[in-house]
Structures are given as C-alpha cells and as structure tokens.
Amino acid sequence: MFSFRATNCLLISVDLGLVDNQPVKATFHRLNFGVSKRRSLVACDIHYYTRVTQHIRAKYGYTSATATRRKLDGKRSSSSDIAVTNQQGDVSYFGSVSIGTPSQNFNVILDTGSSDLWVADTTCNYCSTNTPLFDSSKSSTFKKQTTGANSAETQIQYGIGQVSGVIASDTVSMGGFTIPNQTFLAVDEVSEDLLNGSVSGIMGLAFSSIASTEATPFWQALSDGNQLSAPEMSFWLTRFVNDSTAKAVDEPGGVFTLGGTNSSLFTGDIEFINMPATAHPTFWQLTMSAITVQGKSINITTGDAALAAIDTGTTLVGGPSADVNAIWNSISGSKEEPDADGNPSGLFSFRSSQCIGGIFDVSQGTNIQSGQGIPGWIVGDTFLKNVYSVFRANPASIGFAQLSDLASTSGSSTSGSTTSGSETSTSNPSSSSGSSTSGSTPASVPSTSVSILAEVLMTVVINTL
C-alpha cells in the first residue's frame, strides 16, 4: 500500500474496483471545491458551478423533462508526449490538434467522457472574437459529408445550450500521428459557456459507440491502424486552483501520452482495473464499490448506479442522489446550496457557503436514472489530477499510479521517456527516491490555511497486500 496525505483533512475513501481481488481506493481530502478569490477571471460561485453541473448532467443524458439531446437529419510508432494546458485554474485541460492541408492548429479539450471531435469554423454564430476558427476554404483536403442520415445539420442540445454544425472529414494530426480522413463536426453555432479563451472545440477520447457523428474517434483510428505502440492513453494533469504562484489564465497542464506511458511521471506500479464486460464499450468506466467518510462506511447504490465514468473532460465528481446525500449527511456543517432560482442545485457547501464541495448530485432536477448506458458516477479532474491515469483499450481497463516526485509539483514540465505495452509498468528509478509515503504532503497540495478554500484533494491508495 502507498499513499500521500495532507494534514488536518477530512477523509473520504472510495473503492473504484478490485485489482487481484484487492480494493483500489481513492481517498478524498477536505471536501470543498474552492472558490478562488485570487482569480477574477472565473466567476467561481454557486451560480458558476451550477452551470458546470448542468453541462455534466446533459453530457451524460441526465437532462430535465424539457431538455433534449438529439441529432438532426502503417508502421507502429513510438509513444508521443503531448503538452497539456491547464485552463482557468483546473476548470479544463486542453491540447493542440492540427486540421487541414495546409494544417490549421487548434486547442481542444481532451475529453475521455465523449467521442466526437469538433471545432468551431468560420461560419460560427455567437463564437467569441477570441476563438480561433477553422477555415475549410483554406484546406485542399476538406470534404463535407453530402450523403447519408448525417449529411444535414447535426445538433447536440444541452440543458444550458448547444453545438451544431456539419459533418466533414479532413486530415487531422496530433502528437506526430495523422489520420488522413478523420470525421469531425465543423461547428457553426456554439452556445455561451461551452468555449472559453483560446479553446476551439473538443477532442473526444471515449469509444465510437457513443459518437454523435458516428465517427471512429481519433485515438481509436490510430489504434486500429497500428500507429500506436500500445492501445493506451495516459494523463498527468497539473493543479493550479488557489495556487498563489499562478499568474495567467492558461498554465502548464501536464502531459497527455498517446500510445503508452511516461515513466518519469509516476512511481511504483500502474494498477489496472478491468472495465465491466460489454459487447460495445461506451464510456471509460469502472465500478464504485465502497465509500467511507472518516473511516465510517457509507451505504451506496449497487448495480448500474455504481458504474463510474472516468472523465478528463469533467471538472467535478458527480454521483447518484442517495449516495451523494449520504456522503454529505455524514459531514457536520454541510448543506445543499440553492441555484439562482432558489431551487436545489445538487451542490453542497462545507463550513461556509463560499466553500462549494466537489462532489455533487448528478441527478438533481432531472427525470433520468442511471442505467441503460448512463453511468451513476462521473469522476472528473478533481480526482484525476491527483494520480497518473492510463486508459487501455485492449484489454479494456483503466490504470492508476502514484504521481512521481517530479509530477507532484504542479506546473513542472518533463521530457521523460515513454514506455508501452506492459501489463504493469515498473517503478521509475529516477523517481523512486521521491515516492510519497503515508503522512507526507505532496508539493501540489495547498497548505492547511489555503485548503480551507481549496477544492477536493484526493489521495490514491492502491492496496497491493
């Protein structure tokens, strides 16, 4: 067993599954998603996080009775490390993709919770003047889809807005890998709050079965074409929320590795947990098997409601009503905060109404229940930036490892070597001397005084005994 801990913290442990019949646990430190007083660039209040939770609910089909989500009529390569940017204090993480001939470069959210690639184009209505736009007229390889059910405008409707556009194909490259005729959505309408700053779209990294464009996702096309050394994607995500050293909207965000892992970014073994068996994988999912708060076990829903999507494109952690309420009911001084209209928001405060908890009720205000492909839990960056995570397509599984001493320092950059294809990656010798032990505080964890207004801090504890 190994762990890293912050001092004087409220602890919540979550078993995400079993490895060799032993539990893999995540310990949540101090349940309060921070309202950053340092940043005036993001309105991180209850209303802001209400919009965030609405987007997450809509993304996974937890829409209200009036809201809808619809669609209108080579040779093997080495792994590639791709620089990630941390946007607006851990709100989202993006990388760079090139589209067209000659290539046009765009920043896209790296999202393991969806499967479509889309970017805003020059016909976009309501796009910010700061949003870089794709100009199809400048690409000699651009092809608009003109036949089939998806030849007309395609739209995804959310509770807080929509994106719509036309399905097309073009040459798409990322990290030195290229797919000549990658299908994507050229978006001509984006609602408010879906794009911020220099981001132009989303790179979906889940499975093709949930793609609204019915396209094979970029990563899956690379894997199917034997361009990847291993069918793996790995993430190290940095932490900058409430970091007094952060000076800009965009900060170094970590490393996204296509085709393997980066051995300088983790220490010890990567423990892989097999995904629930299914004929057609949808989201990257594990099973939530247990939760404890301060050592006290919390009864949680089993079955389909225990499925947890592991989602780099989501900021917070959402769960079923009964489970989330059970967690917060066990925490003295917590209460549910109202939204702008005075209705329950599914968000809870802790100690102060200015400290919004990072675990929210994903089904609050909806008429949708988990099951039938909808996960009960959505585990986002609040958790993922505390671990090294690996998404492996074959066999379908997700792995976690403890961050190395190098990666534990937010904003660090690395050019470490990558490895691929191993069932369990071995410890990185250069990092082993800095591995965390129980009772230590990683460099990325805010001090106790700062963490009162910090977001949920989680510790991964992988039980190998």
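Residues numbered from 1 in each chain as written. Predicted model: local features only at pLDDT ≥ 70, side-chain atom pairs only at ≥ 80, totals over all residues. Heavy atoms only, no water.

K.L.:
Sorry, what's going on with the state of the cysteines here?
P.N.:
As used in these notes, a disulfide is a covalent bond between sulfur atoms, one from each of two cysteines. A full pass over the atoms with the stated rule returns 1 disulfide. What pairs with C124 in a disulfide is C127, and their sulfur atoms sit 2.0 Å apart. Judged by the sign of its S-S torsion, about 70°, the cystine formed by C124 and C127 is right-handed. The same class applies to C124 as to C127, namely buried. (Disulfide = S-S within 2.5 Å. Buried < 20%, exposed > 50% of the residue type's maximum accessible area, 1.4 Å probe, protein only.)

K.L.:
Explanation requested: the sheet that holds strand β21 (residues 334–338) in the structure shown.
P.N.:
Picture the strands of a sheet paired through backbone hydrogen bonds; they go either parallel or antiparallel. The 3 strands are arranged β21-β22-β23 in an open sheet whose pairing can be described as antiparallel. On the outer flanks of this sheet lie β21 and β23 (352–356), each paired with one strand and no other. With strand direction ignored, the average angle separating the axes of adjacent strands in the sheet is 60°. Bridge count between β21 and strand β22 (residues 344–350): 4 bridges; the pairing is antiparallel. Paired with K335 across the bridge in β22 is S349. (Pairing = 2+ DSSP bridges. Helix = DSSP H or I, 4+ residues; strand = E, 2+ residues; numbered from the N terminus. Axes fitted to C-alpha atoms, helices over the stretch in contact; angles between N-to-C directions.)

K.L.:
Would you take a moment to explain the environment of T282 for this structure?
P.N.:
Mapped onto the fold, T282 is located in the loop between β15 (266–274) and β16 (285–287). In this structure T282 comes out as buried when scored by relative accessible area, which is 19%. Taking the C-alpha atoms as reference points, T282 and A211, 71 residues apart in sequence, are found 9.0 Å from one another. When sequence neighbours within four positions are dropped, the list of residues in contact with T282 reads A206, F207, S209 and I210. (Contact = heavy atoms within 4.5 Å.)

K.L.:
Explain the packing of aromatic side chains to me, please; I cannot follow it from the model alone.
P.N.:
When we look at a pair of aromatic rings, we describe it by the centre distance and by the angle of the planes. Enumeration over the complete set of coordinates arrives at 13 aromatic pairs. Ring geometry for F142 against F184: centres 6.5 Å apart, planes inclined by 65°, an arrangement best described as edge-to-face. With F142 in the loop between β6 (117–125) and β7 (143–144) and F184 in strand β10 (residues 177–190), this pair connects stretches of sequence that are 42 residues apart. With centroids separated by 5.4 Å and ring planes inclined at 75°, the aromatic side chains of W284 and F391 adopt a geometry described as edge-to-face. In this pair, W284 is assigned in the loop between β15 and β16 and F391 in strand β26 (residues 388–393), connecting sequence segments 107 residues apart. In this structure, W284 and F391 share a single accessibility class: buried. Ring pairs connect the aromatic residues F207, W219, F235, F256, W284 and F391, which therefore count as one cluster. The lysine or arginine in question, R392, covers the ring of F272, its NZ or CZ lying 3.7 Å from the ring centre. (Phe/Tyr/Trp six-rings, centres within 6.5 Å; stacked < 30°, edge-to-face > 60°. Lys NZ or Arg CZ within 6 Å of the ring centre and 35° of its normal.)

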